[in-house]
Amino acid sequence: MRETARATDLLDWYDRHARDLPWRVGPRARAAGMRPDPYRVWLSEIMLQQTTVPAVKPYFEAFTARWPTVSDLAAAADADVMAAWAGLGYYARARNLLKCARAVAEEHGGVFPDSYEGLLGLPGIGPYTAGAIAAIAFDLPATVVDGNVERVMARLHDEHTPLPQAKPVLTDMAAALTPQQRPGDYAQAVMDLGATICSPRNPACGLCPWRPSCAAWEAGTAAELPKKAPKKRKPTRLGIAYLVRRVDGAWLLERRPDKGLLGGMLGWPGSEWNEAPGEAPPIRAEWKTLPGEARHTFTHFHLRLTVKTALVPMDRPATRGAFIELAEFSPSDLPTVMRKAYDLARGS
């Protein structure tokens, strides 16, 4: 009964304070019979992995304007989707996005499966994403646990086991609270609570609908939860990026292999990224080494790129990559680290 009362309190709060998000069908619209589009729910969940809501909004709106259905996305050229994703990071998500869209279009007639198991069978969809789509799009009582929900559960139960070891315990706690009624609204309500009230720093406990039953509030430990295991220090790798411009303004670019970091993305030819990269110029030229570095941090390491530039004649052949005409070149199509190298060159 306690879990039922908690769910009711949270849903009452959500009915008043739900965030207005471009992929969401709000509680009033849902109560009036409007149902979420599984395609939009899926797309938003993939984009939101390890990315913030403010960063995702313009990408989501651009994607859905250009590819309004999953079948539209499935028919898109790989290069167009990768370019549209540029800057959002974690590029394996974009490759999996296309694989999943094509699986839905070709194997399911353009309709997303309406069960957790069916969703889990699609490329690029793991337990969290399957649960989120099942709950939000199809109103199934699936347990949805992201970073916001983990934080809420740890505080609600005053759980001090550090993450990631605490994940199974926190998932069980979240499952015990998931109601049979309105599970889609409930899943979004817990996420909203974590994002707006039960925030990582300075939680607004005075505004929380669960404060009366929050064990961490009672114990005075909310600000220190969830506990996290110490992070390993990230190593630093070095590399060289070669920015080559032809006398007519064309730029020399190459598409990275599908597998690996920045897979499938356009970028500047360069060296390997390691502790002591060797020279790997893609064309014979007189190189100018720019002052400063293009620096970027990936999930597992920091990268420092030395940027070298050159101007070459029309008839100079390249050993790697291909020249892209100036009219067809858009820096926004480049991943962030490659754009930083471009900005450094442009500034010089």
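For the structure itself, consult the block above.
S.K.: Explain unusual backbone geometry to me, please; I cannot follow it from the model alone.
M.R.: For residues besides glycine, phi is generally negative; the peptide bonds are generally trans as well. Omega for the bond connecting Leu163 with Pro164 falls within 30 degrees of zero, at 10°, which places this linkage in the cis form. With respect to the helices and strands, Pro164 occurs in the loop between helix H10 (147-156) and helix H11 (167-177). That bond from Leu225 to Pro226 is cis: its omega, 0°, falls within 30 degrees of zero. Along the chain, the position of Pro226 falls in the loop between helix H13 (215-219) and strand S1 (236-246). In this structure, Tyr90 takes a positive phi of about 50° despite not being glycine. If you trace the backbone, Tyr90 turns up in the loop between helix H6 (78-85) and helix H7 (92-107).

S.K.: Sorry, what's going on with the pairing of strand S5 (residues 294-297) here?
M.R.: Regular strands place their side chains on alternate faces of the sheet. Alternating residues of S5 divide into Ala294 and His296, all buried, and Arg295 and Thr297, none buried. As paired strands, S5 and strand S6 (residues 302-312) are joined by 4 bridges and run antiparallel to one another. Looking at the pairing, Ala294 lines up with Leu305 of S6. Counting the residues between successive antiparallel strands, the hairpin from S5 to S6 contains 4 residues.

S.K.: What is the right way to read a positive patch on the surface from this model?
M.R.: The grouping of Arg201, Lys228, Lys231 and Lys234 at the surface amounts to a positive patch. Accessibility expressed as a relative area gives 81% for Lys231, which makes it exposed.

S.K.: Would you mind showing me how to read helix H12 (residues 183-196) here?
M.R.: Spacing of three or four residues puts side chains on the same side of an α-helix, whose turn is 3.6 residues. Taking 1.5 Å per residue as the helical rise, H12 with its 14 residues ought to reach 20 Å, and the 20 Å between its terminal C-alpha atoms agrees with that figure. By the criterion of burial, H12 is predominantly enclosed, with 12 of the 14 residues buried. Among all positions of H12, only Pro183, Gly184, Asp185, Tyr186, Ala187, Gln188, Ala189, Val190, Met191, Asp192, Leu193 and Gly194 are buried.

S.K.: Teacher, can you tell me more about the pairing of strand S2 (residues 251-255) here?
M.R.: With respect to burial, S2 is a largely interior element, 4 of its 5 residues being buried. The pairing of S2 with strand S3 (residues 266-267) spans 2 bridges and is classified as antiparallel. Looking across to S3, one finds that Arg255 is bridged to Leu266.

S.K.: Looking at this structure, I do not really get the nonpolar core. What am I missing?
M.R.: Most often, soluble globular proteins have nonpolar side chains that are buried together. In terms of nonpolar packing, the biggest core is built from 100 residues, with Trp42, Met153, Trp210 and Trp268 touching the most fellow members. Excluding residues that lie within four positions of it along the chain, Trp42 makes contacts with Val70, Leu73, Leu97, Cys100, Ala101, Phe112, Ile125 and Ile133.

S.K.: What is the right way to look at the pattern of salt bridges in this model?
M.R.: Should their charged atoms come close, side chains of opposite charge can pair. Within this structure, the stated rule accounts for 16 salt bridges. Glu279 is paired through a salt bridge with Lys308; the nearest N and O atoms lie 2.5 Å apart. On the criterion of sequence distance, the pair formed by Glu279 in the loop between S3 and strand S4 (288-289) and Lys308 in strand S6 is long-range, its members being 29 residues apart. By relative accessible area, which is 51% here, Glu279 ends up exposed. Residue classification places Lys308 among the buried positions, given a relative accessible area of 12%.

S.K.: Explain the packing of aromatic side chains to me, please; I cannot follow it from the model alone.
M.R.: One pair of aromatic rings is described through two measures. These are the centre distance and the angle between the planes. Enumeration over the complete set of coordinates arrives at 15 aromatic pairs. With centroids separated by 5.8 Å and ring planes inclined at 35°, the aromatic side chains of Trp251 and Phe329 adopt a geometry described as tilted. A residue pair is termed long-range when its members are at least 10 positions apart, and Trp251 in strand S2 and Phe329 in the loop between strand S7 (322-324) and helix H14 (336-347) qualify at 78 residues. Using a relative accessible area of 9% as the deciding quantity, one classes Trp251 as buried. Under the relative-accessibility criterion, Phe329 is labelled buried at 12%. The ring centre of Phe323 lies 4.8 Å from the NZ or CZ of Arg246, which sits over that ring.

S.K.: Would you mind showing me how to read the side chain of Thr51 here?
M.R.: Inspection of the secondary structure assignment puts Thr51 in the loop between helix H3 (38-48) and helix H4 (53-66). A relative accessible area of 16% means that Thr51 is categorised as buried. Here Met47 takes part through its backbone oxygen, which lies 3.4 Å from a polar atom of the side chain of Thr51. Engagement of the side chain of Thr51 in a polar contact is seen with the side chain of Arg93, the distance being 3.3 Å. Apart from the residues within four sequence positions on either side, Thr51 is in contact with Val56, Leu88 and Arg93.

Calculation rules
Residues numbered from 1 in each chain as written. Predicted model: local features only at pLDDT ≥ 70, side-chain atom pairs only at ≥ 80, totals over all residues. Heavy atoms only, no water. Helix = DSSP H or I, 4+ residues; strand = E, 2+ residues; numbered from the N terminus. Buried < 20%, exposed > 50% of the residue type's maximum accessible area, 1.4 Å probe, protein only. Pairing = 2+ DSSP bridges. Patch = residues over 30% accessible without salt bridge, like charges linked within 9 Å, V, L, I, M, F, W, Y side chains within 5 Å. Areas by Shrake-Rupley, 256 points an atom, 1.4 Å probe, with all protein chains shown as cover. Salt bridge = Lys/Arg side-chain N within 4 Å of Asp/Glu carboxyl O. Lys, Arg positive; Asp, Glu negative; His and termini not counted. Charge placed at Lys NZ, Arg CZ, Asp CG, Glu CD. Expected span 1.5 Å × (residues − 1). Core = buried A, V, L, I, M, F, W, Y, C linked by side-chain atoms within 4.5 Å. Contact = heavy atoms within 4.5 Å. Phe/Tyr/Trp six-rings, centres within 6.5 Å; stacked < 30°, edge-to-face > 60°. Lys NZ or Arg CZ within 6 Å of the ring centre and 35° of its normal. Polar contact = N/O pair within 3.5 Å; in protein donor to acceptor, adjacent residues only side chain to side chain.

It is worth stressing that arrangement in space is one thing and function is another; only the former is reported here.
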